[in-house]
Amino acid sequence: MSPADHKATSEIAPRSRIGTRLFLVGGVLVLLTGLVVALVGATIARQSVLAEAERRVLALVEQREAHLQDWLGAYFDTAERLVLTLYPGMIENNSEYHDVLFSLPGLIHSTLLADDGNPHPGDPIAGWQPDETAVKAAALSREPSFGPLHRQADGTPVFDVVLPARINSKGDSALIALRLNSRVVLDPILTDTSGLGSRGELFLLDRDMRMLTPSRFHSHPEPLMHRMDIPPARAALDSSSGSMEYTSYLGDPVVGGYVYMPRQRWILVGELDVREALAPVKRIYVQTAIILGLSLLVFVVITLFLARTWARPIVRLTRASEQVASGNYDVTVAPPRQQDELHQLTDSFNRMTEALLAGRKELAVAQRRLVQQSTMAAIGQLASSIVHEMRNPLSSIKMNLRLLERQAGSDPQIREHFDLANQEAGRLETMLGELLDYSKPVQPDLQPVNVNEVLQAVAGDLASRLETASIDMQLDLADPPPVAHTDHELLRRSIENLLRNALESLRDSGTIRLVSRADDSGTVQLTVQDNGVGMSERVQERLFDPFFTTRDDGTGLGMANVKRFIDLLDGRIQIDSVEGEGTTVTLTLPGEPS
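Attention here is on the structure that accompanies the text. Note that the coordinates shown come from a computational prediction; the quantities given were computed from them, not determined experimentally.

Calculation notes
- Residues numbered from 1 in each chain as written.
- Predicted model: local features only at pLDDT ≥ 70, side-chain atom pairs only at ≥ 80, totals over all residues.
- Heavy atoms only, no water.
- Helix = DSSP H or I, 4+ residues; strand = E, 2+ residues; numbered from the N terminus.
- Buried < 20%, exposed > 50% of the residue type's maximum accessible area, 1.4 Å probe, protein only.
- Contact = heavy atoms within 4.5 Å.
- Areas by Shrake-Rupley, 256 points an atom, 1.4 Å probe, with all protein chains shown as cover.
- Axes fitted to C-alpha atoms, helices over the stretch in contact; angles between N-to-C directions.
- Left-handed = near helix turned anticlockwise from the far one by under 90°.
- Nonpolar A, V, L, I, M, F, W, Y, C, P; charged D, E, K, R; others polar.
- Phe/Tyr/Trp six-rings, centres within 6.5 Å; stacked < 30°, edge-to-face > 60°.
- Salt bridge = Lys/Arg side-chain N within 4 Å of Asp/Glu carboxyl O.
- Arc of directions from axis to C-beta.
- Polar contact = N/O pair within 3.5 Å; in protein donor to acceptor, adjacent residues only side chain to side chain.
- Parallel < 35°, antiparallel > 145°, perpendicular 65-115°, else oblique.
- 1 Å grid on protein atoms, 1.4 Å probe; cavity = no way out; pocket = protein on both sides within 12 Å on 5 of 7 lines; lining within 4 Å.
- Points joined across faces, edges and corners; volume = space filled by probe spheres on them.
- Expected span 1.5 Å × (residues − 1).
- Pairing = 2+ DSSP bridges.
- Core = buried A, V, L, I, M, F, W, Y, C linked by side-chain atoms within 4.5 Å.

1. Notes on the overall build of the chain
A count of helices and strands for the chain gives 16 helices and 16 strands. Residues classed as buried in the chain amount to 42% of the 594 residues present. Across the chain, the fraction of contacts at a sequence separation of at least 24, relative to all contacts at a separation of at least 6, is 63%. Approximately 32000 Å² of the chain is accessible, and the part contributed by carbon and sulfur atoms is 54%.

Put into structure tokens, the structure is as follows:
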């Protein structure tokens with residue numbers, strides 16, 4: 001090698017080594033940068049997932065608490081109705097009373113107590129003493145009171161409930177004491193751990209932090225045999241509900257939600273295993289570490305290229321994770337073109353955000369439904385009390401109108417005033433009837449009903465009004481007559497409401513068609529069709545809303561009652577209306593089973 005060639009080589013080699021070192025350092029820096037970005041994204045995702053897990057667990061615990069309260073309320077109502085229904089015949093039919101009452105699941109003892117807590121003279125099943133504290137509390141507050149959950153001599157976990165009640169029409173009061181098996185009454189409600197993953201727990205504690213219900217996996221000692229001094233139990237005594245991350249009684253990291261039930265003095269706790277909640281984030285850590293480690297060791301030469309390729313989706317994931325952490329779940333990340341781990345990671349992230357968004361929407365819908373149900377229940381109670389208070393004065397007004405009408409003679413002007421007053425009183429009575437129909441509970445009496453006879457009867461009742469208004473009534477009834485398995489009275493009232501609406505739509509003239517058909521699928525269809533003014537889309541959207549009406553003299557409960565009745569009859573209602581052309585209402589009812 002000539003001196004010139006050696007000089008050239010000595011100048012090129014250092015440059016090559018420096019370039020290689022710079023390339024390697026740049027590649028390592030890029031890989032480290034990618035690793036940091038991935039870790040930051042995973043950390044943000046972890047925080048977001050844990051925050052959403054806390055919200056989800058709290059919502060689930062509150063849902064289970066509402067379910068438990070509804071179940072207990074329904075159970076106590078049934079027990080009270082049975083006791084008060086069977087009370088007059090307790091002494092004469094002791095064995096029959098015992099058999100009927102103790103058909104309630106989980107009922108161990110029952111007794112009737114006087115207001116002072118002593119056995120009632122009319123109770124044939126005495127011989128056991130309910131919890132004195134619950135008896136005193138029920139006597140003072142006149143509200144259902146709960147005793148502590150404890151074990152009987154045979155080891156059965158039980159608790160006492162004392163219910164104040166009126167035992168006869170004279171207004172005499174008494175206390176109904178029940179002893180219930182918690183394994184039958186409480187445990188089945190809490191076995192539904194859906195939403196808590198494969199390792200989640202749902203259990204009850206009392207104020208002394210004793211565990212009242214069994215563990216899902218029987219990892220805990222027997223109920224009532226140990227205390228669970230866990231953070232959510234302590235927090236529940238200070239606040240009614242909440243969520244937190246803590247270490248469980250068994251030493252596992254969990255996300256927990258809690259709700260305090262003041263009437264029962266119970267604490268409902270739900271736990272979701274943190275490792276299970278963070279499984280997607282853990283996969284992010286593992287996949288990122290594997291990808292970057294292999295790239296650094298095996299494909300150092302192409303580190304910069306891979307870093308540039310991976311940096312973009314990781315940054316997008318990071319930004320999307322930050323948006324999720326800030327509460328914006330309606331975010332998606334475009335996956336990379338390559339079908340690699342980052343593509344899978346992006347798909348997993350997108351599925352996670354979709355699931356979080358869907359869960360939040362479902363929770364919002366459930367909350368709206370709960371608020372709506374509570375509101376409608378309150379409205380129903382208010383309407384019922386108003387109707388009962390107004391009916392007596394209205395009856396007195398109508399009776400006095402008849403007496404005055406007899407004494408008024410035959411003066412046409414006075415007679416006209418009396419007719420107007422009677423008409424308005426009748427309209428008010430109809431409105432009160434609709435309010436009462438909407439507010440009171442309805443239990444359908446299902447039996448075979450000839451729907452043609454119902455249609456003919458309703459059309460006959462309105463014949464005079466149809467003739468006065470010059471309205472043509474057409475009956476298109478199937479032969480043989482279809483038979484529906486339904487409630488005759490509820491069906492008749494539904495058809496009457498639909499016909500009244502059709503008459504209002506036609507005003508002065510027009511045609512109403514009543515059609516009956518038997519479907520091959522075993523259902524019966526009834527159609528009320530008019531060629532009146534029809535309805536706009538906005539009106540159709542709110543047609544079944546309670547108290548929504550387009551008439552100045554309407555209550556807005558007619559179609560709400562029709563929808564309610566048809567739902568109770570396991571049927572369907574369909575509205576087809578075109579503004580200015582008319583309306584067709586189709587009722588589909590189950591046919592008589594063969």
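Here the narrative resumes.
2. Remarks on the packing of helix α14 (residues 488–506) against helix α16 (residues 558–568)
Interhelical geometry of α14 versus α16 gives an angle of 150° and a closest axis separation of 9 Å. Crossing handedness for the pair α14 and α16: left-handed. Where α14 abuts α16, its residues Leu490, Arg493, Ser494, Asn497, Leu498 and Asn501 lie against Gly558, Met559, Val562, Phe565 and Ile566. For the contact of α14 with α16, the residue count by class is 6 nonpolar, 4 polar and 1 charged.

3. Things to note about the packing of aromatic side chains
By the definition in use, this model includes 6 aromatic pairs. Between the aromatic rings of Trp71 and Tyr75, the centroid separation amounts to 5.7 Å while the plane-to-plane angle is 65°, which identifies the pairing as edge-to-face. Placement of both Trp71 and Tyr75 in helix α1 (residues 3–86) is noted, with a separation of 4 residues, approximately one turn of the helix. Looking at Tyr75, the relative accessible area reads 3%, which means it is buried. Relative to Trp266, the ring of Phe159 has its centre 5.5 Å away and its plane inclined at 85°; by these criteria the two rings are edge-to-face. You can see Phe159 sitting in strand β4 (residues 157–166) and its partner Trp266 sitting in strand β9 (residues 266–273), a full 107 residues away along the chain. Judged by relative accessible area, which is 0%, Phe159 ranks as buried.

4. Overview of the pattern of salt bridges
This structure, assessed with the given rule, holds 13 salt bridges. Residues Asp206 and Arg210 are paired through a salt bridge, measuring 2.8 Å at the closest nitrogen-oxygen approach. Residue classification places Asp206 among the buried residues on the basis of a relative accessible area of 10%. The exposure class of Arg210 is partly exposed, given its relative accessible area of 22%.

5. Side note on helix α3 (residues 132–141)
Buried residues of α3: Ala134, Val135 and Ala138, and no others. All buried residues of α3 fall inside an arc of 100° around its axis, so they share one side. Seen from the buried face of α3, the exposed residues on the opposite side, beyond 90 degrees, are Glu132, Thr133, Lys136 and Leu140. Considering only its buried residues, α3 is in contact with β1 (107–113), β2 (145–146), β4 and β5 (173–181). Of the residues that open α3, the one with a side-chain oxygen 3.2 Å from the backbone nitrogen of Thr133 is Asp131. Just downstream of α3, Arg142 is the residue with a positive phi angle, here 55°.

6. Section: the packing of helix α12 (residues 451–461) against α14
In the contact formed by α12 and α14, the axes pass within 10 Å of each other and the chain directions differ by 45°. With respect to α14, the element α12 is oriented oblique. Every pair of crossing elements has a handedness; the one defined by α12 and α14 is right-handed. On α14, the residues touching Val451, Val454, Leu455, Val458 and Asp461 of α12 are His488, Leu491, Arg492, Ile495, Glu496 and Leu499. Of the residues contributing to the contact of α12 with α14, the split by class is 7 nonpolar, 1 polar and 3 charged.

7. Side note on the layout of surface pockets
Unoccupied space between atoms shows up once a probe the size of one water molecule is rolled over them. Of the pockets and cavities examined, the second largest pocket occupies roughly 890 Å³. Around the second largest pocket sit 26 residues that line it, and Ala59, Leu60, Gln63, Leu363 and Ala366 are the ones nearest its centre. Elements that contribute at least two residues to the lining of the second largest pocket include exactly α1 and α10 (341–407). Here the lining of the second largest pocket is built from residues that sort into 9 nonpolar, 7 polar and 10 charged.

8. A look at α14
Note that an α-helix has 3.6 residues per turn; residues three or four places apart therefore point the same way. With 19 residues, α14 extends 27 Å from end C-alpha to end C-alpha; this agrees with the ideal 27 Å at 1.5 Å per step. Between a side-chain oxygen at the N-terminus of α14 and the backbone nitrogen of Glu489 the separation is 3.0 Å; the capping residue is Asp487.

9. Some words on the side chain of Thr156
Locating Thr156 in the fold gives a position in the loop between β3 (150–151) and β4. Classification of Thr156 by relative accessible area gives buried; the value is 15%. In this view, Thr156 contacts Ile108, His150, Arg151 and Asn181; residues no more than four positions away in its chain are not counted.

10. Brief notes about the sheet that holds strand β14 (residues 523–530)
Strand-to-strand pairing in sheets goes through backbone hydrogen bonds, with the strands running parallel or antiparallel. Read across the sheet, 5 strands follow the order β11-β13-β14-β16-β15 without closing on themselves; strand pairing throughout is mixed. On the outer flanks of this sheet lie β11 (471–476) and β15 (572–578), each paired with one strand and no other. Going from strand to strand, the sheet's axes swing by 10° on average, the running direction of each strand aside. Of the strand pairs in this sheet, β15 and strand β16 (residues 582–590) are connected by 7 bridges, and their pairing is antiparallel.

11. Focus: the sheet that holds strand β6 (residues 201–206)
Read from one edge of the open sheet, 4 strands run β6-β9-β8-β7, paired in antiparallel fashion. Whereas interior strands pair on both sides, the edge strands pair on one side only; in this sheet they are β6 and β7 (241–247). When the angles between neighbouring strand axes are averaged without regard to direction, this sheet yields 25°. Two elements, β6 and β9, share 6 bridges in a ladder whose sense is antiparallel. Pairing of Leu205 across the sheet is with Ile267, part of β9.

12. Some points on the nonpolar core
Core analysis: the biggest nonpolar cluster contains 61 residues, and Phe159, Leu180, Leu186, Leu204 and Trp266 have the highest contact counts within it. For this core, the element with the most residues is α1, which contributes 15 residues. Filtering out sequence-adjacent residues up to four positions away, Leu186 remains in contact with Leu68, Leu72, Leu149, Phe159, Leu204 and Trp266. Listed in part, the 39 residues of the second largest apolar core include Val442, Val451, Leu543 and Ile575.

13. Some words on the pairing of strand β13 (residues 510–518)
Summarising the sheet, β11 and β13 pair through 6 bridges and their orientation is parallel. Its bridge partner lying in β13, Asp476 is registered against Val515. As paired strands, β13 and β14 are joined by 7 bridges and run antiparallel to one another. If you follow Ala518 over to β14, its bridge partner there is Val524.

14. Examining the environment of Ile230
Topologically, Ile230 is positioned in the loop between β6 and α6 (231–236). As for Ile230 and Tyr246, which are separated by 16 residues in sequence, their C-alpha atoms are 8.4 Å apart. Excluding residues within four positions of it along the chain, Ile230 makes contact with Phe203, Leu205, Tyr246, Tyr249, Val269 and Glu271.

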